[in-house]
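Summary of the model geometry
Here's the letter readout for the chains.
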Amino acid sequence: MKILVLPGDGIGPEITDATLDVLAAADRHLGLGLEFETRAIGLASLKTGGTTLPAEVMTRIPQVDGVLLGPVSHYEYPSRAEGGINPSAELRTVFELFANVRPCRSRPELSLLRAPMDLVIVRETTEGFYSDRNMHAGTGEFMPDPDLALSVRKVSAKAAERVAVAAFELARGRRRKVTAVHKANVLKLSDGLFLREVRKVAERYPDVELEELIVDATAALLIRTPDRFDVLVTTNMFGDILSDEASELSGGLGLGGSINAGHDLCVGQAQHGSAPDIAGLGVANPTSLILSAAMLLDWRGRRDDDPGLVKAAELITTAVDTVLDDPATRTRDLGGTLGTAGFAEAVAHALTKVSAR
């Protein structure tokens, strides 16, 4: 499996190195045949090549088996005309990575919840309220005059249908329940269209329960009764907000994996940002990117019917759980003493033990 590695900005290079150490350990023990190719993006490529996302990187992506994307500081980028392209958004739209999949599972001693959480949020990522990806030309935000700003929301039947399929397929392998999150009581046309397509997909999955829930109620129930949820499917902005809420409640943004998947390509990407304030200090928690890499292996393994990749994903996830369960082997943000490299070493060591069972 050939993986294109794009370290990104801030803590990106550090947590990427840590993730590659874990993947290398899995490769050694399971003989996966992993190959890594690293290319510069973000502020590094802007400095040397005048763009945050070089054309040669975009050309290379369809030629590999998967992409590992570190966090990016796109808020600090210049305008697109000056080379400031948001790599995350560009990959999602150009390669139609329509499903952002974020598992949220509460962890002992780290969760803020009274009841256990074990759910997955499937978020549509190619349109919605995101003005950088919902227009053929130009941006979805504009100002007719200096004191009036307008924003266009895009919801298409195609995008709603395919993200709904992704959610129902996922639920079929879990507890067979999908919650469609919406605001159709106010956004009657756009969320009404989204719900129409989800309901049509639900008819193809009679073995999976469909629940419909307004977004503000969902935000409250994630705190009060998180154990009622299995798979949630929703539009771009609602999914972005709810997945951050769920991750924080379950233990923190840095503890959950994330992939952006289409029909032919998957990108493993950490849930959190680039944290430039701690960049270079060696203290960043690499858990999210490590788990995202495991999800990438799992996606590719299931797509290509490769049990070795699926097994590697399971072992990496179990190894991370083992390390996080022990307060002595947690990173400093979780009350432990380990830095970025030390945590990766602990996970690699745990993986060796797990694989020997």
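Shown above is the structure to which this text applies.
This report concerns the structure included in the present document. This structure is a prediction, so every number in the text was calculated from the model and none was measured.

Rules of the game
- Residues numbered from 1 in each chain as written.
- Predicted model: local features only at pLDDT ≥ 70, side-chain atom pairs only at ≥ 80, totals over all residues.
- Heavy atoms only, no water.
- Helix = DSSP H or I, 4+ residues; strand = E, 2+ residues; numbered from the N terminus.
- Salt bridge = Lys/Arg side-chain N within 4 Å of Asp/Glu carboxyl O.
- Buried < 20%, exposed > 50% of the residue type's maximum accessible area, 1.4 Å probe, protein only.
- 1 Å grid on protein atoms, 1.4 Å probe; cavity = no way out; pocket = protein on both sides within 12 Å on 5 of 7 lines; lining within 4 Å.
- Points joined across faces, edges and corners; volume = space filled by probe spheres on them.
- Axes fitted to C-alpha atoms, helices over the stretch in contact; angles between N-to-C directions.
- Parallel < 35°, antiparallel > 145°, perpendicular 65-115°, else oblique.
- Left-handed = near helix turned anticlockwise from the far one by under 90°.
- Contact = heavy atoms within 4.5 Å.
- Pairing = 2+ DSSP bridges.
- Core = buried A, V, L, I, M, F, W, Y, C linked by side-chain atoms within 4.5 Å.
- Phe/Tyr/Trp six-rings, centres within 6.5 Å; stacked < 30°, edge-to-face > 60°.
- Lys NZ or Arg CZ within 6 Å of the ring centre and 35° of its normal.
- Patch = residues over 30% accessible without salt bridge, like charges linked within 9 Å, V, L, I, M, F, W, Y side chains within 5 Å.
- Areas by Shrake-Rupley, 256 points an atom, 1.4 Å probe, with all protein chains shown as cover.

In this section: unusual backbone geometry. Its identity as a non-glycine residue notwithstanding, Glu96 has a phi of 50°, on the positive side. For Glu96, the position within the fold is in the loop between helix H4 (87-94) and strand E4 (99-105).

Turning our attention to the pattern of salt bridges. Within the structure shown, the criterion is met by 29 salt bridges. Arg107 is the salt-bridge partner of Asp321, the closest N and O atoms lying 2.7 Å from each other. On the criterion of sequence distance, the pair formed by Asp321 in helix H10 (residues 307-325) and Arg107 in the loop between E4 and strand E5 (118-124) is long-range, its members being 214 residues apart. For Asp321, a relative accessible area of 16% gives the class buried. One salt bridge connects Glu211 with Arg228, and the closest N-O pair in it is separated by 2.0 Å. Note that Glu211 is positioned in strand E9 (residues 209-214) and Arg228 in the loop between helix H7 (215-224) and strand E10 (231-234), a separation of 17 residues in sequence. Here Glu211 falls in the buried class, since its relative accessible area comes to 13%. Residues joined in a network through salt bridges with shared partners are Asp65, Asp264, Arg300, Arg303 and Asp304.

Considering all chains together, one arrives at one cavity of 30 Å³ or more under this definition. The calculated volume of the largest cavity comes to roughly 60 Å³. Along its surface, the largest cavity is lined by Glu124, Glu127, Gly128, Lys154, Val155, Ser156, Ala159, Ala160, Phe194, Thr235 and Asn236.

Before going further, it helps to examine the packing of helix H5 (residues 157-172) against helix H6 (residues 190-202). Their axes nearest at 8 Å, the elements H5 and H6 cross at an angle of 45°. Looking at the two axes, H5 sits oblique to H6. H5 and H6 meet at a crossing whose hand is right-handed. Packed against H5, whose contacting residues are Ala157, Ala160, Glu161, Val163, Ala164, Val165 and Phe168, the element H6 presents Leu193, Phe194, Arg196, Glu197, Val198, Val201 and Ala202 at the interface.

Now for the pairing of strand E7 (residues 148-151). Of the strand pairs in this sheet, strand E6 (residues 141-145) and E7 are connected by three bridges, and their pairing is antiparallel. Note that in E7 the partner of Asp145 across the bridge is Leu148. Adjacent in sequence and paired antiparallel, E6 and E7 are bridged by two residues.

In terms of nonpolar packing, the biggest core is built from 71 residues, with Phe168, Phe194, Leu297 and Ile316 touching the most fellow members. The biggest single contributor to this core is helix H9 (residues 287-303), with nine residues. Counting residues in hydrophobic clusters, the runner-up holds 17 residues, among them Leu6, Ile61, Val72 and Val267.

In this description, a pair of aromatic rings is defined by centroid distance and the angle of the planes. Tallied over the full model, the rule gives one aromatic pair. Positioned above the aromatic ring of Phe238 is the side chain of Arg153, whose terminal nitrogen or guanidinium carbon lies 5.7 Å from the ring centre.

A separate point is a nonpolar patch on the surface. Residues Met135, Phe142, Leu148, Leu150 and Val152 make up a contiguous nonpolar surface patch of about 370 Å² in total accessible area. Inspection of the secondary structure puts Val152 in the loop between E7 and H5.

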